[in-house]
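# Fold and geometry: a report
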Amino acid sequence: MFELVRAVGLTLCVGVFFSTTVQAEESETASEEGDWIYRPDLSEEDVDIPAIDTENFEISAFTGVISMEDFGSNTFSGARLAYHPLDFLFIEGSWATTEIDDDNYRRFGVPLFDEETETVDYYDASIGLQLMPGEVFIGKWAFSSSLYLVAGIGSTGLLDEDLETYNFGLGLRVLATDWWALRVEARDYMFESDLLGEKEMKHNLALALGTSVFF
């Protein structure tokens, strides 16, 4: 082991000596031939990177598509109110709504709803954790961004029932200014339902695009 350490140390010393010698020779050559060496005048443009000012509350509206198990994909929309007690943590409450239909079952003479369509409402309280603060570049502009995880519990209103619902997801928040942001988010809303006869956990995947303001 000692012989290996000594060999590695000797190799590093030789490498440093060689690198220093080469750099000294290059510097001397550059000073002697400085008349013809092209040295571009490099300048850095000022980049304005917005950050959240002193506001701790965030209100947002969103819309997207939700794929409800057994009922296909439908548009949905909603609103959220969040509180940011820390830079890396936020707490939010949200509401969302969509409409589903039982056409696939009704055509076989097995209607599930009194009407062809049924409104589904979601309510939840969630906790979000900021994972990777960073920047998004569009041309010469840079915008602060953060990747976050979110999870919570709430209720789904379906056919006069309130189904206990868990949700978790992943999102990206991009700050256009210090008070305005854009959000892209994917979530899974999970609840148990026996609507088709057997009680089982249903997964309802949602993808949403939203905008929010801080105040």
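Note that the coordinates shown come from a computational prediction; the quantities given were computed from them, not determined experimentally.

## Remarks on the sheet that holds strand S8 (residues 200-214)
Here we have eight strands rolled up into a closed barrel, ordered S1-S2-S3-S4-S5-S6-S7-S8, and antiparallel in their pairing. Taken over all neighbouring pairs, the strand axes of this sheet differ in orientation by 25° on average, direction set aside. The pairing of strand S5 (residues 141-158) with strand S6 (residues 161-175) spans 14 bridges and is antiparallel. From the neighbouring strand, Ser145 faces S6, where its bridge partner is Val174.

## Some thoughts on the packing of aromatic side chains
The geometry of an aromatic ring pair is captured by the separation of the ring centres together with the interplanar angle, meaning the angle of the planes. Considering all chains together, one arrives at seven aromatic pairs under this definition. One Lys or Arg, Arg173, reaches over the ring of Tyr148 and ends 5.0 Å from the middle of that ring.

## Focus on the pairing of strand S3 (residues 89-101)
In this sheet, S3 lies alongside strand S2 (residues 72-86) in antiparallel orientation, the contact comprising nine bridges. Directly across from Ser77, in S3, lies its bridge partner Thr97. In this structure, the hairpin formed by S2 and S3 is closed by a connection of two residues. Here S3 pairs with strand S4 (residues 117-138) via 13 bridges, running antiparallel. If you follow Thr97 over to S4, its bridge partner there is Asp121.

Cut-offs and rules
- Residues numbered from 1 in each chain as written.
- Predicted model: local features only at pLDDT ≥ 70, side-chain atom pairs only at ≥ 80, totals over all residues.
- Heavy atoms only, no water.
- Pairing = 2+ DSSP bridges.
- Helix = DSSP H or I, 4+ residues; strand = E, 2+ residues; numbered from the N terminus.
- Axes fitted to C-alpha atoms, helices over the stretch in contact; angles between N-to-C directions.
- Phe/Tyr/Trp six-rings, centres within 6.5 Å; stacked < 30°, edge-to-face > 60°.
- Lys NZ or Arg CZ within 6 Å of the ring centre and 35° of its normal.

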